[in-house]
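Chain by chain, the residues:
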Amino acid sequence: MPTFSPLIDRALVVSATAHRNQVRKGSQVPYVIHPVHVALLLIRHQFPDEVIIAALLHDVVEDTSITLAELQAEFGEEVARLVAAVSEQKTEGTEPLPWKVRKEAQLRKLGHADRHIAAIKTADALHNLQATLCDLKRRGPQVWTHFRASQSEQLWYYRSLREVLSQRLGDHPLLTELSDALAALQEQAP
């Protein structure tokens, strides 16, 4: 039975340590569950180790004190490139950027993404949609109050994201799963 590479094991440790004090929005669920799910989705579709490692680390630069330079030194240039490509710029100087400005910039950036970047972002969005659907079943519409954007803005973003990612991934099964989860979420909208 194949085992994971030492670098994947190391990425799990770095991700768990970096996110150790974070929880998923509106819950007490440790945040590290999210990058692990993203990586598992990509493992299921047999992406290479660098993509799995980047998936495990995809939020550390955006949400922790770890830098791209540190990731590059520990995991290599390709992992750092992938993480940089899916990371949002949340501030301009010391000022936080508005949610919609960040999402529009990310959509523009993803319009030039390669297949591996698109796969990481698709798995990221897919897990977020699946988690939101589960939360809606458990807690109802109050789930939307935990986000920085309204339900309609969230739906706009996921529809736009699916459109951009479909140009990069074509008919990949991950994109089909994303479309199905988005359709289920849209059915929940009033």
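Residues numbered from 1 in each chain as written. Predicted model: local features only at pLDDT ≥ 70, side-chain atom pairs only at ≥ 80, totals over all residues. Heavy atoms only, no water.

**A word on the nonpolar core**
Stated formally: What is meant by a nonpolar core is a set of buried Ala, Val, Leu, Ile, Met, Phe, Trp, Tyr and Cys residues, joined one to another through side-chain atoms within 4.5 Å. For every residue, the accessible area obtained with a 1.4 Å probe (protein chains only) is divided by the maximum for its type, and the residue is called buried under 20%, exposed over 50%, and partly exposed between those limits. Secondary structure elements follow DSSP: runs of H or I of four or more residues count as helices, runs of E of two or more count as strands, with numbering from the N terminus. Working rule for contacts: check all heavy atoms of both residues, and any pair within 4.5 Å makes them a contact.
Among the nonpolar cores identified, the biggest contains 54 residues, and L42, L57, F75, L161 and L174 are the most heavily contacted of them. Ranked by residues supplied to this core, first place goes to helix α8 (residues 115–139) with 10 residues. With near-sequence residues (within four places) excluded, L174 lies in contact with L41, L42, H45, F47, A119, T122, A123 and L126.

**Describing helix α2 (residues 33–44)**
What counts is decided by this rule: One fewer than the residue count of a helix, multiplied by 1.5 Å, yields its expected span. Note that the arc is computed from the directions linking the helix axis to the C-beta atoms.
Between its terminal C-alpha atoms α2 stretches 16 Å, which fits the 16 Å expected from 12 residues at 1.5 Å a residue. Restricting attention to buried positions, one finds in α2 the residues H34, P35, V38, A39, L41 and L42. Viewed end-on, α2 has its buried residues packed into an arc of 155 degrees, placing them on one side of the element. Looking at the packing, one finds that the buried side of α2 touches α1 (6–18), α3 (49–56), α8 and α10 (173–188). Of the residues flanking the end of α2, it is Q46, one or two places downstream, whose phi is positive at about 60 degrees.

**Overview of the packing of α2 against α8**
Test applied: Angles run from 0 to 180 degrees between N-to-C directions of axes, and those axes are lines fitted to C-alpha atoms, restricted for helices to the stretch in contact. Note on terminology: angles under 35 degrees are roughly parallel, angles over 145 are roughly antiparallel, angles of 65 to 115 are roughly perpendicular, and the others are oblique. Helix crossings fall into two classes, left-handed where the near helix is turned counterclockwise from the far one by less than a right angle and right-handed where it is turned clockwise. Here the term charged refers only to Asp, Glu, Lys and Arg, the term nonpolar to Ala, Val, Leu, Ile, Met, Phe, Trp, Tyr, Cys and Pro, and the term polar to all other amino acids, Gly among them.
With their axes 9 Å apart at the nearest point, α2 and α8 run at an angle of 125 degrees to one another. On the basis of the axis angle, α2 is oblique to α8. Between α2 and α8 lies a crossing whose hand is right-handed. For the pair α2 and α8, contact is made by H34, H37, V38, L41 and L42 and by A119, I120, A123, D124, L126, H127 and N128, respectively. Residue composition of the contact of α2 with α8, grouped by class: 7 nonpolar, 4 polar and 1 charged.

**Concerning α10**
Taking 1.5 Å of rise per residue, 16 residues should cover 22 Å, and α10 covers 23 Å from first to last C-alpha, within 8% of that figure. Where the residues of α10 are buried, they touch α2, α8 and α9 (151–169).

**Examining the layout of surface pockets**
Remark: the empty space left among the atoms is shown by a probe the size of a water molecule rolled over them. Heads up, the condition is: Of the two site types, the cavity is a set of points on a 1 Å grid over the protein atoms alone where a 1.4 Å probe fits but cannot get out, and the pocket is an open set with protein on both sides within 12 Å along at least five of seven lines, each lined by residues with an atom within 4 Å of a point. Grid points are joined across faces, edges and corners, and a volume is the space filled by probe spheres set on the points.
By volume, the largest pocket is sized at about 950 Å³. Surrounding the largest pocket, 40 residues form its lining, R24, K25, Y31, N128 and F147 being those nearest its centre. Mapped onto the lining of the largest pocket, the elements with two or more residues apiece are α2, α4 (60–63), α7 (99–110), α8 and α9. Residues belonging to the lining of the largest pocket are distributed by class as follows: 15 nonpolar, 10 polar and 15 charged. Reported here for the second largest pocket is a volume of approximately 190 Å³. Along its surface, the second largest pocket is lined by 13 residues, and A84, S87, E88, Q89 and K109 are the ones closest to its centre. Those elements that place two or more of their residues in the lining of the second largest pocket are α4 and α7. With 5 residues, the top contributor of residues to the lining of the second largest pocket is α7. Of the residues in the lining of the second largest pocket, the class split is 6 nonpolar, 3 polar and 4 charged.

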